[in-house]
Amino acid sequence: MTEKLQSYYLSKVEPFRSCLLALREIILDHNPVITETQKYFMPCFCYKKKIICYLWTDRKTDEPYILVADGKLFDMPELEQGKRSRMKIFRVDPEKDLPLEMIRLILNKALENLSKEQKNK
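Cut-offs applied
Residues numbered from 1 in each chain as written. Predicted model: local features only at pLDDT ≥ 70, side-chain atom pairs only at ≥ 80, totals over all residues. Heavy atoms only, no water. Buried < 20%, exposed > 50% of the residue type's maximum accessible area, 1.4 Å probe, protein only. Helix = DSSP H or I, 4+ residues; strand = E, 2+ residues; numbered from the N terminus. Arc of directions from axis to C-beta. Contact = heavy atoms within 4.5 Å. Core = buried A, V, L, I, M, F, W, Y, C linked by side-chain atoms within 4.5 Å. Phe/Tyr/Trp six-rings, centres within 6.5 Å; stacked < 30°, edge-to-face > 60°. Polar contact = N/O pair within 3.5 Å; in protein donor to acceptor, adjacent residues only side chain to side chain. Salt bridge = Lys/Arg side-chain N within 4 Å of Asp/Glu carboxyl O. Axes fitted to C-alpha atoms, helices over the stretch in contact; angles between N-to-C directions. Parallel < 35°, antiparallel > 145°, perpendicular 65-115°, else oblique. Nonpolar A, V, L, I, M, F, W, Y, C, P; charged D, E, K, R; others polar.

### What about helix H1 (residues 3-10)?
Buried residues of H1: Leu-5, Tyr-8 and Tyr-9, and no others. Projected down its long axis, H1 shows its buried positions confined to an angular sector of 95 degrees, all on one face. Residues of H1 that are exposed and angled more than 90 degrees away from the buried face: Glu-3 and Lys-4. Looking at the buried side of H1, the elements it contacts are helix H2 (16-30), strand E1 (34-39), strand E2 (42-47) and strand E3 (50-57).

### Quick word on the nonpolar core
Counting 28 residues, the largest nonpolar core has Ile-52, Leu-55, Ile-66, Phe-90 and Ile-106 as the members making the most contacts within it. Those elements that place two or more of their residues in this core are H1, H2, E2, E3, strand E4 (64-68) and helix H3 (100-119). Residue contributions to this core peak at seven residues, all from H3. Counting eight residues, the second largest nonpolar core, distinct from the first, contains Met-42, Cys-44, Cys-46 and Tyr-54.

### Concerning the packing of aromatic side chains
Considering all chains together, one arrives at three aromatic pairs under this definition. Between Tyr-8 and Tyr-9, the ring centres sit 5.5 Å apart and the planes meet at 75 degrees, which makes this aromatic pair edge-to-face. Between Tyr-8 and Trp-56, the aromatic rings sit 5.8 Å apart at their centres with planes inclined by 10 degrees, giving stacked as the arrangement. One end of the pair, Tyr-8, is in helix H1; the other, Trp-56, is in strand E3, with 48 residues separating them in the sequence. A residue is classified by how much of its surface remains accessible, and Tyr-8, at 8% relative accessible area, is buried. Taken together, the ring pairs in this structure connect Tyr-8, Tyr-9 and Trp-56 into an aromatic cluster.

### Details of the side chain of Asp-58
With respect to the secondary-structure elements, Asp-58 resides in the loop between E3 and E4. Accessibility expressed as a relative area gives 16% for Asp-58, which makes it buried. Of note is the side chain of Asp-58, whose polar atom sits 2.8 Å from the backbone nitrogen of Lys-60. Ignoring sequence-local partners within four residues, the contact set of Asp-58 consists of Glu-63, Tyr-65 and Arg-91.

### A look at the pattern of salt bridges
Where charged atoms of side chains with opposite charge meet at close range, the side chains can pair. All told, the structure shown has eight salt bridges when counted by the stated rule. Across the pair Glu-80 and Arg-91 runs a salt bridge whose closest N-O atoms are separated by 2.8 Å. Here Glu-80, found in the loop between E4 and strand E5 (88-91), pairs with Arg-91, found in strand E5; they are eleven residues apart in sequence, far enough to count as distant. The structure contains a network of salt bridges with shared partners spanning Arg-24, Glu-25 and Glu-36.

### Quick word on the packing of H1 against H2
Two elements in contact, H1 and H2, have axes separated by 8 Å at closest approach and are oriented at 135 degrees. On the basis of their axis angle, the class for H1 and H2 is oblique. Residues Tyr-8, Tyr-9 and Leu-10 of H1 form the contact with H2, whose own contacting residues are Arg-17, Leu-20, Leu-21 and Arg-24. For the contact of H1 with H2, a count of residues per class yields five nonpolar, no polar and two charged.

Here is the structure:
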């Protein structure tokens, strides 16, 4: 983990810090090819240099969420579109157990979409 990324995670107060770090581990453990970098001051996760998602926090509540890069391709009521044209978010309550099955489903769909995109090129 780079120093900037470490600073990002450590700048958060509990329970948000632990939640973001747990989400980071879940995403990185999901597939050995997934890598972490930083874009737009937030942790960014890529698969073969293609962005899958970001980790970020709500400006008002500071609660964490996963920002899914091609969320518009997902037909899942658990993801919020908001005013975004391309991305959707998946909110995570840091006071509850992480919804592992849903997070894995989102990551699987993101990887499927990237695979389809690469085959169509």
